[in-house]
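# Fold and geometry: a report
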Amino acid sequence: MKFTVNTKPFKNALSLAVVDSNVVKYYMKSTIVQITASADRLRVNTEASSIITEVSVYGSGDCDASVLLDAILLKKLVSTIDSAQLDIEFNGNSVCIVTTDGRYNLPVLGDTNESSLRRPINVDESASAVEVNVEDWKFIKSYQMYARSEFDGYPAYTQVFVGDSGDILVGCQKRSLFTHSSCNVFGTIGSTCLISESVVNMLNAVPDNATISRVEDQYVISASTDAFEYTTQFEPKYESDEFGYYMADKIIDMMNTFDTPYIAVLTTDVLNILNRVSILSKRLTKLHLKVDNSGITFSNNDMKSTINVQDAPDAHYEIDMNPDMLRNVISHCPEVNIRIYPAKRDDELVGIVITSGKLSVILAGVE
């Protein structure tokens, strides 16, 4: 029993279906790929946390067969193959990948008659769809996901807040760190919801010209080329008394910098100072910041350094910050310039707000 497929589209199918960062041992189904052969299609199915994916590749076969394989093992093996075509032979307890230069056996992990991976739901042709803005999702992953909470005691903050008006929040209440950007990622079909890290990883890997539709409480992404058809279904979470609330309005309001004096500095200037602080005091948990109309000064018992600025507003404030967290924030700023503002609550200084392009970050001070 054999199926013949062009190597390049099969590689593409595995790259789309098997997102390495979503393959985790605590969710065992994510480590498995199901391949199903028919007369003219090879179907690749995977599951990850909150995600169901299917990619169909065109080819030719002489059988109907379906097996479960190690997802990463298959993806890595196929990625090394240079021949234009390959054959997949189904041999009961194993699958053999046959190329022009050899044969490579992979063990079958399970019988699909007893256990199969789920398939995405079908989308009605009349359903509204918008194009997936991959660049916005790449921005979120590159510059905001580092702030995501990993503490189970705050489940809402382990997710990405997606507002129906385009607000994206990622943050951690325990660390008093929140990031905000405006990316209307779901266009006219979206509603306020919470998106998992695995969904963000998947949305960074979708093919060009993919579209997304909303089907009740699910979202379905579709794309089609001459070589394959791609469908992914994911389910967002929603704020609730049980899961928690992001308190997005309050957080965004605290990041409001309208008519607030700021210091504008180069990102690299701040990073250079913070890197020196790390070298001198690896276990330092408090760094003093002083802002006045000449610039911003960083100091502790081992160092003192000032970034001078021109045309600074007449603003004076001092606050202690965690240097490691501050360095992490600055290193994830997308622009070469940043602006630093005082963050206040009820007229009391509680931290700083840093803006860089369309990104805003609020970071609390330390006592």
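Residues numbered from 1 in each chain as written. Predicted model: local features only at pLDDT ≥ 70, side-chain atom pairs only at ≥ 80, totals over all residues. Heavy atoms only, no water.

An order of β14-β11-β12-β13-β25-β24-β23-β18 is seen for the eight strands of this open sheet, with the pairing classed as antiparallel. Lying at the two open borders of the sheet, with one neighbouring strand each, are β14 (193-195) and β18 (263-266). Adjacent strand axes in the sheet meet at a mean angle of 25 degrees, parallel and antiparallel pairs treated alike. Relative to strand β13 (residues 177-182), strand β12 (residues 167-172) runs antiparallel, the two sharing six bridges. (Pairing = 2+ DSSP bridges. Helix = DSSP H or I, 4+ residues; strand = E, 2+ residues; numbered from the N terminus. Axes fitted to C-alpha atoms, helices over the stretch in contact; angles between N-to-C directions.)

Moving on to helix α3 (residues 134-143). Those residues of α3 that sit buried are Val134, Asp136, Trp137, Phe139 and Ile140. Buried residues along α3 sit in contact with β11 (160-162), β12, β13, α4 (197-203) and β25 (359-364). (Buried < 20%, exposed > 50% of the residue type's maximum accessible area, 1.4 Å probe, protein only. Contact = heavy atoms within 4.5 Å.)

In this structure, Phe10, Ile35, Leu74, Phe90, Phe186, Ile221 and Phe234 are the most contacted members of the largest nonpolar core, which totals 61 residues. The element contributing the most residues to this core is helix α1 (residues 7-17), with five residues. Here phenylalanine 10 is in contact with Val5, Leu42, Val44, Val57, Leu74, Val78, Leu86 and Ile88, once residues within four sequence places are set aside. Ranked by size, the runner-up nonpolar core spans 34 residues in total, among them Leu177, Ile263, Leu287 and Tyr317. (Core = buried A, V, L, I, M, F, W, Y, C linked by side-chain atoms within 4.5 Å.)

With that settled, consider the side chain of serine 149. Tracing the chain through its elements places serine 149 in the loop between α3 and β11. We classify serine 149 as buried; its relative accessible area is 0%. When near neighbours in sequence (up to four residues on either side) are disregarded, serine 149 contacts Tyr154, Tyr157, Thr158, Gly171, Cys172 and Arg175.

Turning our eyes to something else, we now look at empty space enclosed by the protein. Going through the model one piece at a time under the given rule, you end up with two cavities of 30 Å³ or more. By volume, the largest cavity amounts to about 110 Å³. For the lining of the largest cavity, the secondary-structure elements that each account for two or more residues are α1, β3 (41-48) and β4 (51-61). Residues of the lining of the largest cavity, tallied by class, amount to ten nonpolar, four polar and one charged. Lining the second largest cavity we find Val162, Gly163, Asp164, Asn184, Val185, Phe186, Gly187, Gly190 and Ser191. Here the residues of the lining of the second largest cavity are counted per class, giving three nonpolar, five polar and one charged. (1 Å grid on protein atoms, 1.4 Å probe; cavity = no way out; pocket = protein on both sides within 12 Å on 5 of 7 lines; lining within 4 Å. Points joined across faces, edges and corners; volume = space filled by probe spheres on them. Nonpolar A, V, L, I, M, F, W, Y, C, P; charged D, E, K, R; others polar.)

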